[in-house]
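The residues making up each chain are set out below.
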Amino acid sequence: MNKNRLMKRMTALFCAIALTGTGMHTVIRADEEKPQEETVTETAAEEAGEENELLYADDVNGFVTRLYEVCLGRKPDKTGYMDWINWLKSGKVSAAGAVQGFMLSNEMKAKNYSISDWVEICYKAIMDRKSDAPGKKTWVDCLTNGVSQNFVLKGFVGSSEFAGLCAKYGVVKGDITLTERRDQNYGLTSFVGRLYNKGLGRTPDANGINNWCDLLILKKRTPKQVATSGFFHSQEFLKKNLNNTEFVKVMYRTFLGREYDVPGLNDWVSSLNSGTSRDSVMAGFADSKEFQKIISDSGWEAVSNKELAPLFNNVNSILLVANKQHKLPNNYEPSDMRQPNVSARMSTPMRDEAATALEQMFAAARAEGVYLVAGSGFRSQSYQATLYNNYVARSGKAAADTYSARPGYSEHQTGLAMDISDRSGATYLSQSFENTSEGKWLKNNAWKYGFIMRYPKTKQSVTGYMYEPWHFRYVGKDYAAAIWSCGPETTFEEYFNVAGGESYN
Ligand SMILES: [Zn+2]
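The structure presented is a predicted model; accordingly, all values stated were derived computationally and were not measured.

Colleague: Looking at this model, I keep getting lost on the overall build of the protein. Mind explaining?
Modeller: What the protein contains, in helices and strands, is 28 helices and six strands. With 505 residues in all, the protein has 39% of them scored as buried. Long-range contacts, defined as pairs at least 24 residues apart, comprise 73% of the intrachain contacts of the protein with a sequence gap of at least 6.

Okay, structure coming up:
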């Protein structure tokens, strides 16, 4: 076997897989577009019927010949045939990998099978039988909702039928690894898939749905944001000019994944007809118990936290957590700090990215006649020790703990927080700052610039600190907007489901 040729073919094989992985919409057409006479039963699968099966030798050669005939509907070409046999024998490719190679090949792609026909071939090739109706519907739904073909192949190669087939031909079964975001959480993917299918009226494209799933899984968007700003506010959706009835039907089908009930439909439509905005109706669906349950059943929180957990203790991350359950590394000091170019009570640096966002926020406020002044940004661990000890001396440890962090636990040490004042400074570090125009503006607008009010009213038991309407924490625009979309009092701890509270670890 020529080694160079082998490598070339391997590369071609994996390129083909990679290409089909990101271009599923070109591989599979919607069922309705398929002319009736093009059914697969008249092509590959039928020709590879059971009577032919007997012709395959019970060895690797037979396994490969069978894949050629069942998947591609043809006899093997000599070069390809020898390659597959060598790869399988040497262990370079498992049986699952071979199935993947055939089912996602350019030759297969060129046949333009419908979703339904492609799934039927999966049954024949991998489980060695015709489909059963409920099983087939499940897989067709999966693909229609936007998962990759690999996701389906992985399900098939995990079957006992495939294990039996591999044993019969003496090939190593192996498995398929899923790498795309859309294959990570089917509940979330199918929600996004419904927004495409039932909202925009088109099948999801791989890049698009991967992108939305990425934003959801990294918690940069909430499901509600994806639906509203991502889809229903899009030009593509607005151009459909749906009437109120059709609009409400779309809400049922996308958010709730079901058809409308007539009384419910009538309620929403009459509410729209009497002047309720479409945004309020969207919010009604997004905030409904039924939709919340769909999202929590998908495991959205759990998936997201699994992805994000490493960032909460990573000093380079803008999601670095400092609270009573999360101590910073001893004497940690960010290396990328600078003085923000804003009016300030004193020299008080922040990490560069946060400083830039702070500058934008202060400028935007000023354009609206609101004059913000930076109070206190980064504090070193030793300075925090001085502050904390003074507070303890003044009001006792228990009281001091409600408003001042022990050294090593202060968010100010992250370089991502800023205490903000008005020009007079009269309400600086006082809860009455909430009544100033500066306090009100910050509360309602900080999220647009990537900041959250870190210690909201009524959340002392969650954050560990009393209400601080002056303390803002940079988390980046995506996260700030996502947190804000869950309600103005939503805390970092609640949104990211990280440990917090009033007692120290
Ligand atoms: Zn503060």
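Colleague: Is there a simple way to explain the sheet that holds strand β5 (residues 451-455) in this structure?
Modeller: Across a sheet, paired strands are connected by hydrogen bonds in the backbone, their directions being either parallel or antiparallel. If you trace the four strands from one edge of the open sheet to the other, you get β3-β4-β6-β5, paired in antiparallel fashion. One side of each edge strand has no neighbouring strand; the edge strands of this open sheet are β3 (373-376) and β5. The mean angle between the axes of side-by-side strands here comes to 45 degrees, regardless of whether they run parallel or antiparallel.

Colleague: So what exactly am I meant to see when it comes to the environment of Ser-343 here?
Modeller: Its location among the elements puts Ser-343 in the loop between β1 (337-338) and β2 (350-351). Taking the C-alpha atoms as reference points, Ser-343 and Ala-374, 31 residues apart in sequence, are found 6.3 Å from one another.

Colleague: Quick question: what am I supposed to make of the packing of helix α5 (residues 60-72) against helix α7 (residues 95-103) here?
Modeller: Any two packed helices are characterised by how steeply their axes cross, that is the angle between the axes, and by the distance between the axes. Remark: α5 packs on α7, axes separated minimally by 10 Å, with the N-to-C direction vectors making an angle of 30 degrees. Taken as axis vectors, α5 and α7 run roughly parallel relative to one another. Between α5 and α7 the crossing geometry is right-handed. Of the residues in α7, those in contact with Phe-63, Leu-67, Cys-71 and Leu-72 of α5 are Ala-95, Ala-98, Val-99, Phe-102 and Met-103. Residue composition of the contact of α5 with α7, by class: nine nonpolar, no polar and no charged.

Colleague: Sorry, what's going on with the pairing of strand β6 (residues 468-474) here?
Modeller: The side chains of a regular strand alternate between the sheet's two faces. Within β6, seven of the seven residues are buried, which leaves the element mostly enclosed by the surrounding structure. Direction of pairing for strand β4 (residues 417-421) relative to β6: antiparallel, over a ladder of three bridges. Bridge assignment links Ala-417 to a residue of β6, and that residue is Arg-473. In the sheet, β5 pairs with β6 via four bridges, with the strands oriented antiparallel. Looking across to β6, one finds that Tyr-455 is bridged to Glu-468.

Colleague: How should helix α13 (residues 186-200) be read in this particular structure?
Modeller: Residues that lie three or four places apart on an α-helix share one face, since the helix turns once every 3.6 residues. Taking 1.5 Å as the rise per residue, α13 with 15 residues should run 21 Å; its terminal C-alpha atoms sit 20 Å apart, in good agreement. Three or more residues of α13 are buried, namely Leu-188, Thr-189, Ser-190, Phe-191, Val-192, Gly-193, Arg-194, Leu-195, Tyr-196 and Gly-199. Residues of α13 that are buried sit in contact with α10 (133-144), α14 (206-217), α15 (223-232), α16 (235-238), α17 (244-256) and α21 (300-312). Directly beyond the C-terminal end of α13, a positive phi value near 75 degrees is found at Gly-201.

Conventions used here
Residues numbered from 1 in each chain as written. Predicted model: local features only at pLDDT ≥ 70, side-chain atom pairs only at ≥ 80, totals over all residues. Helix = DSSP H or I, 4+ residues; strand = E, 2+ residues; numbered from the N terminus. Buried ≥ 20, exposed ≤ 12 C-beta atoms within 10 Å, placed from the backbone. Contact = placed C-beta atoms within 7 Å. Pairing = 2+ DSSP bridges. Axes fitted to C-alpha atoms, helices over the stretch in contact; angles between N-to-C directions. Parallel < 35°, antiparallel > 145°, perpendicular 65-115°, else oblique. Left-handed = near helix turned anticlockwise from the far one by under 90°. Nonpolar A, V, L, I, M, F, W, Y, C, P; charged D, E, K, R; others polar. Expected span 1.5 Å × (residues − 1).

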